[in-house]
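Structural overview
Next come the chains, spelled out residue by residue.
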Amino acid sequence: NNLMWPQGKLYYMHVDYKDWVAPTIEEQERTQNKAVKLLILAIEDYVPMLGRDYCIHGAVKFLEFLQVDALVQHLAYFMLDKLVSNILPHTKAGIEKSHVELANFIKKRQVETKRRAEKMRAQMAVEIQQHAQRFRQRQASRTGIIVGAAAGSETKPSNNVDMM
């Protein structure tokens with residue numbers, strides 16, 4: 001009770017309250033290194049000598065894995081769902097219903113996105129074919145002009161009339 005309302009006041013109305021300031025990159029790195037060291041020390045204390053290196057390596061890899069934002073967000077929402085459903089059991093059906101609705105919405109969006117992507121791919125393929133056809137026509141007309149000009153210069157009609 002004293003955590004949220006120390007001395008009967010809201011915690012952010014208290015005299016000693018300081019606004020939260022985002023940690024700097026150095027502070028984040030320092031905290032992360034401290035967490036890794038604490039984990040390694042805990043493993044060294046509780047894991048037998050055999051397999052300790054493998055355990056430390058696996059724990060460090062697991063900590064790196066936990067740095068993925070999407071995973072952390074998913075875990076936070078999962079834990080929040082479990083907390084709410086345990087505290088308020090009658091909301092469990094509502095939560096499950098919202099999960100189903102959200103999953104259906106996401107699936108529908110994925111199908112729509114895939115359909116739009118396929119349509120755009122087909123349009124791009126048609127445009128590429130049209131561009132290639134125009135390019136070939138220009139090349140053919142240029143080549144025809146060059147060939148015609150060369151042929152015309154070689155086979156100029158002469159004014160001399162051959163008598164047979």
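Let us now look at the overall build of the chain. Each helix and strand counted, the chain has 4 helices and 0 strands in total. When each of the 164 residues of the chain is scored for burial, the buried share is 5%. With an accessible surface of roughly 15,500 Å², the chain has 62% of that area assigned to carbon and sulfur atoms.

As a further point, take the packing of helix α1 (residues 25–46) against helix α2 (residues 52–65). Between α1 and α2, the least distance of the axes is 10 Å, while the angle of their chain directions is 150 degrees. Classified by the angle their axes make, α1 and α2 are roughly antiparallel. The chirality of how α1 crosses α2 is right-handed. Residue-level contacts link V36, L39, I40, I43 and E44 of α1 to R52, C55, I56, A59, V60 and L63 of α2.

Here we take up the packing of aromatic side chains. Enumeration according to the criterion identifies 1 aromatic pair in this entry. Consider the rings of F62 and F65, whose centres lie 6.3 Å apart with planes at 35 degrees: the pair is tilted. Separated by 3 residues within a single helix, F62 and F65 lie in helix α2, roughly one turn from each other. Assessed through its relative accessible area of 47%, F65 is described here as partly exposed.

A cluster of nonpolar side chains, namely Y77, L80, L83, I87 and L88, defines an oily patch on the protein surface of about 500 Å² accessible area. In this fold, Y77 is placed in helix α3 (residues 69–87).

Okay, the environment of K92 next. Tracing the backbone through its elements, the reader meets K92 in helix α4 (residues 92–154). With 10 residues separating them in the primary sequence, K92 and K82 have C-alpha atoms 8.8 Å apart.

Quick look at the side chain of S85 now. With respect to the helices, strands and loops of the structure, S85 is situated in helix α3. In this structure the side chain of S85 is engaged in a polar contact, spanning 3.0 Å, whose partner is the backbone oxygen of K82. The residues contacting S85, other than those within four sequence positions of it, are T91, K92 and I95.

Further remarks concern the side chain of R52. Along the polypeptide, R52 turns up in helix α2. Put simply, R52 is tucked away with no salt bridge, and the nearest opposite charge, on E44, sits 5.7 Å away. A polar contact of 3.0 Å, which involves the side chain of R52, links it to the backbone oxygen of V47.

Attention now goes to the confidence of the model for the chain. A residue-level look at the chain finds 84% of positions with pLDDT of 70 or above and a mean pLDDT of 80. Counted against residues more than four places away or in other chains, residues 147–158, with its pLDDT under 50, gives 0 contacts.

Basis of the calculations
Residues numbered from 1 in each chain as written. Predicted model: local features only at pLDDT ≥ 70, side-chain atom pairs only at ≥ 80, totals over all residues. Heavy atoms only, no water. Helix = DSSP H or I, 4+ residues; strand = E, 2+ residues; numbered from the N terminus. Buried < 20%, exposed > 50% of the residue type's maximum accessible area, 1.4 Å probe, protein only. Areas by Shrake-Rupley, 256 points an atom, 1.4 Å probe, with all protein chains shown as cover. Axes fitted to C-alpha atoms, helices over the stretch in contact; angles between N-to-C directions. Parallel < 35°, antiparallel > 145°, perpendicular 65-115°, else oblique. Left-handed = near helix turned anticlockwise from the far one by under 90°. Contact = heavy atoms within 4.5 Å. Phe/Tyr/Trp six-rings, centres within 6.5 Å; stacked < 30°, edge-to-face > 60°. Patch = residues over 30% accessible without salt bridge, like charges linked within 9 Å, V, L, I, M, F, W, Y side chains within 5 Å. Salt bridge = Lys/Arg side-chain N within 4 Å of Asp/Glu carboxyl O. Polar contact = N/O pair within 3.5 Å; in protein donor to acceptor, adjacent residues only side chain to side chain. Lys, Arg positive; Asp, Glu negative; His and termini not counted. pLDDT = per-residue confidence, 0-100.

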